[in-house]
Amino acid sequence: MCCLRRNNRPTGIFGGTFNPIHLGHIALARQAYEELGLDKVIIMPSGNPPHKQGLTIASEYDRCNMVRLAIEDYPYMEFSDYEITHTGYSYSALTLTEFAKYYSNIYFIIGADSLFQLDTWYHPETVMKYSTIVAANRDMHAITELEAAVSSLEQRYNARIKLIHMNDVPISSSDIRRRIMSGMPVDGMVSASVAQYIKEHHLYSGSDIPE
């Protein structure tokens, strides 16, 4: 199965809806790879995200193709369709439980906002059991807020958490979809290959915006 090969080297897993994947996502994966000395970063589109119900999402086929295009110039980034090919909701706890059978040193990459919500996830204790959490602030939260959240999670779950340093990248998938629906360019927000794919396949021209 894709990506499931025994490996004890530090491996990043970066999941998300990627609707679409943008340059902020790539910057986060690059920073985690470089700052933590990871062997690779597995980029994993979610199949049926439980927190995105009611939102029109590009097809799994298109989201996977856009991820492949976005990472093609980064040999240390690896695409995985693991969550796409599994039925039911895409829960990180279930994915990490399976990947931990093969990878003994997992770094699970999230944004700082997710760090504050982590204990509301499906079986957060499992997420933190099988991975080191990697969170990037992007200058959105005061360091004291982050340190308090980290301390709380470490005490409650015996979590291992790394905060990486990253400049703010003011890009969101919802802004990209909004601009496309309004006929505005998305240069500098997605890679040229992803922008061309969106144009050729007429994606997001009538999608719902909230995210």
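Everything numeric here is computed off the predicted structure, so don't read it as measured data.

1. As for the layout of surface pockets
Working step 1: Approximately 250 Å³ is the volume attributed to the second largest pocket.
Working step 2: Top element by residues in the lining of the second largest pocket is helix α8 (residues 192-200). It accounts for four residues.
Working step 3: Tallied by class, residues from the lining of the second largest pocket come to seven nonpolar, four polar and two charged.

2. Notes on the nonpolar core
Working step 1: Formed by 38 residues in total, the largest nonpolar core has its most connected members in Phe 14, Ile 21, Ile 43 and Met 66.
Working step 2: Listed by contribution, the elements that provide at least two residues to this core are α1 (23-36), β2 (40-45), α2 (60-71), β3 (77-79), β4 (106-111), β5 (132-136), α7 (173-181) and α8.
Working step 3: Ranked by residues supplied to this core, first place goes to α2 with five residues.
Working step 4: With sequence-adjacent residues up to four places away left out, Ile 43 is seen in contact with Phe 14, Phe 18, Ile 21, Ala 29, Val 67, Ile 71, Met 77, Glu 78, Phe 79 and Ser 80.
Working step 5: Counting residues in each nonpolar core, the second largest holds 26 residues, with Leu 4, Tyr 82, Phe 99 and Phe 108 among its members.

3. Regarding helix α3 (residues 92-99)
Working step 1: Along α3, the residues that are buried comprise Ala 93, Thr 95, Leu 96 and Phe 99. The buried side chains of α3 occupy one side of the element, clustering within an arc of 165° when seen end-on.

4. Brief notes about the packing of aromatic side chains
Working step 1: Tallying each qualifying case throughout the model produces eight aromatic pairs.
Working step 2: With 5.2 Å between their ring centres and 90° between their planes, Tyr 82 and Phe 99 make a pair best called edge-to-face. Pair noted here: Tyr 82 is in the loop between β3 and α3 and Phe 99 is in helix α3, with a separation of 17 residues, a long-range link. Residues Tyr 82 and Phe 99 agree in their burial class; the two are buried.
Working step 3: Residues Phe 99 and Tyr 103 carry aromatic rings whose centres are separated by 6.0 Å and whose planes lie at 15° to one another, so their mutual orientation is stacked.
Working step 4: For Phe 99, a relative accessible area of 0% gives the class buried.
Working step 5: Joined through ring pairs, the aromatic side chains of Tyr 33, Tyr 74 and Tyr 76 make up one cluster.

5. So, helix α6 (residues 143-157)
Working step 1: Between its first and last C-alpha atoms α6 spans 21 Å; for 15 residues at 1.5 Å apiece the expected length is 21 Å, and the two agree.
Working step 2: Along its buried surface, α6 packs onto α4 (112-117), α5 (124-129) and β6 (161-164).
Working step 3: Taken from the residues just after α6, Asn 158 is the one with a positive phi, measuring 55°.

6. Examining the pattern of salt bridges
Working step 1: Counted according to the given criterion, the structure contains five salt bridges.
Working step 2: Note that Lys 40 is salt-bridged to Glu 78, the shortest N-O span being 2.8 Å. Remark: Glu 78 occurs in strand β3 and Lys 40 occurs in strand β2; sequence separation between them is 38 residues.
Working step 3: The salt bridge partner of Glu 98 is Lys 101, with a shortest N-O separation of 3.0 Å.

Rules used throughout
Per chain, residue numbering runs from 1 following the sequence as it is written. Confidence filtering applies because this is a predicted model: local features only for residues at pLDDT of at least 70, side-chain atom pairs given and counted only at 80 or more, and all residues used for totals across whole chains, interfaces and linings. Heavy atoms from the whole structure form the basis of all side-chain values; hydrogens and water molecules are not counted. Think of a 1 Å grid over the protein atoms and nothing else: a 1.4 Å probe that fits but is trapped marks a cavity, an open set flanked by protein within 12 Å on at least five of seven lines marks a pocket, and residues with an atom within 4 Å of a point count as lining. Grid points are joined across faces, edges and corners, and a volume is the space filled by probe spheres set on the points. Only runs of H or I of at least four residues qualify as helices and only runs of E of at least two qualify as strands under DSSP, and these elements are numbered from the N terminus. Three classes are used, and their members are as follows: Ala, Val, Leu, Ile, Met, Phe, Trp, Tyr, Cys and Pro are nonpolar, Asp, Glu, Lys and Arg are charged, and the others, Gly among them, are polar. By nonpolar core is meant a set of buried Ala, Val, Leu, Ile, Met, Phe, Trp, Tyr and Cys residues that side-chain atoms within 4.5 Å join together. For every residue, the accessible area (1.4 Å probe, protein chains only) is compared with the maximum for its type, and the residue is labelled buried under 20%, exposed over 50%, or partly exposed between those bounds. In this analysis, two residues are considered to be in contact whenever any of their non-hydrogen atoms come within 4.5 Å of each other. Directions are taken from the helix axis to each C-beta atom, and the arc is the one they span. Think of it this way: a Phe, Tyr or Trp ring, Trp meaning its six-membered ring, pairs with another when their centres are within 6.5 Å, and the plane angle makes it stacked under 30 degrees, edge-to-face over 60, tilted otherwise. What a helix should span is 1.5 Å times the count of its residues minus one. Salt bridge, as applied in this entry: a Lys or Arg side-chain nitrogen positioned within 4 Å of an Asp or Glu carboxyl oxygen.

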